[in-house]
Amino acid sequence: MSNSASGSSSKTRVGLSQQSEPTFKRKRAVFQKDLQHMMYGFGDDPNPLPETVALVEDIVVEYVTDLVHKAQDIASKRGKLLTEDFLYLVRKDAPKFNRCTELLSMNEELKQARKAFEVDEEKLATIE
C-alpha cells in the first residue's frame, strides 16, 4: 500500500517539474531537405522515410540546443557568447574540433576576400 502512495507522489513531482520548465515551440521540418541530402551523402536512401528524417532532425536540434545552453553557461561569467566557448566544448572531440577550426578559418578567409573585393569595387567606382 505504501508503494502506491509513493508512486502517485512521484508522478506528481514529475508533473510539477515539467510544468516549471519553459517549453519552446519550434517549427518542425525546417531542416528536413538539408538532412535528407546529408543522409543520402552518408549512404542512406535518396528519399528516406519522413519519420526517419523527423527523428534525425529532433536529435540534431536537441544536440545543438544543448550545446548552445552549455556555451551560454560558460559565457555567462563574461557576459558575451563567443566562438571560443563552442570550441572549448568540443575540444576533446578531435574530429569536431578540427572541423570547427577549419570552418572558422575558411569563414575568415571568405570575409577577407569579400572585403578585398569591396575595396576593388570602390577603387573602380572612383576611377570612372
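For the structure itself, consult the block above.
Model, not experiment: these values are computed from the prediction. (Residues numbered from 1 in each chain as written. Predicted model: local features only at pLDDT ≥ 70, side-chain atom pairs only at ≥ 80, totals over all residues. Heavy atoms only, no water.)

Q: I'm lost on the packing of aromatic side chains in this one. Help?
A: In total, this model carries 0 aromatic pairs according to the counting rule given. Between Arg91 and the ring centre of Tyr88, over which it is positioned, the NZ or CZ distance is 3.9 Å. (Phe/Tyr/Trp six-rings, centres within 6.5 Å; stacked < 30°, edge-to-face > 60°. Lys NZ or Arg CZ within 6 Å of the ring centre and 35° of its normal.)

Q: Help me understand the pattern of salt bridges, please; the structure alone is not making it clear to me.
A: Opposite charge on two side chains allows them to pair when their charged atoms are near. For the structure shown, the criterion picks out 4 salt bridges. Two residues, Asp93 and Lys96, come together in a salt bridge whose shortest N-O distance is 3.4 Å. With relative accessibility at 36%, the residue Lys96 sits in the partly exposed group. Glu102 serves as the salt-bridge partner of Arg99, at 3.5 Å between the closest nitrogen and oxygen. Residue Arg99 and its partner Glu102 are located together in helix H5 (residues 94-127), separated by 3 residues, close to a single helical turn. Classification of Glu102 as partly exposed rests on a relative accessible area of 38%. (Salt bridge = Lys/Arg side-chain N within 4 Å of Asp/Glu carboxyl O. Buried < 20%, exposed > 50% of the residue type's maximum accessible area, 1.4 Å probe, protein only. Helix = DSSP H or I, 4+ residues; strand = E, 2+ residues; numbered from the N terminus.)

Interpretation in functional terms is not warranted from these geometric data alone.
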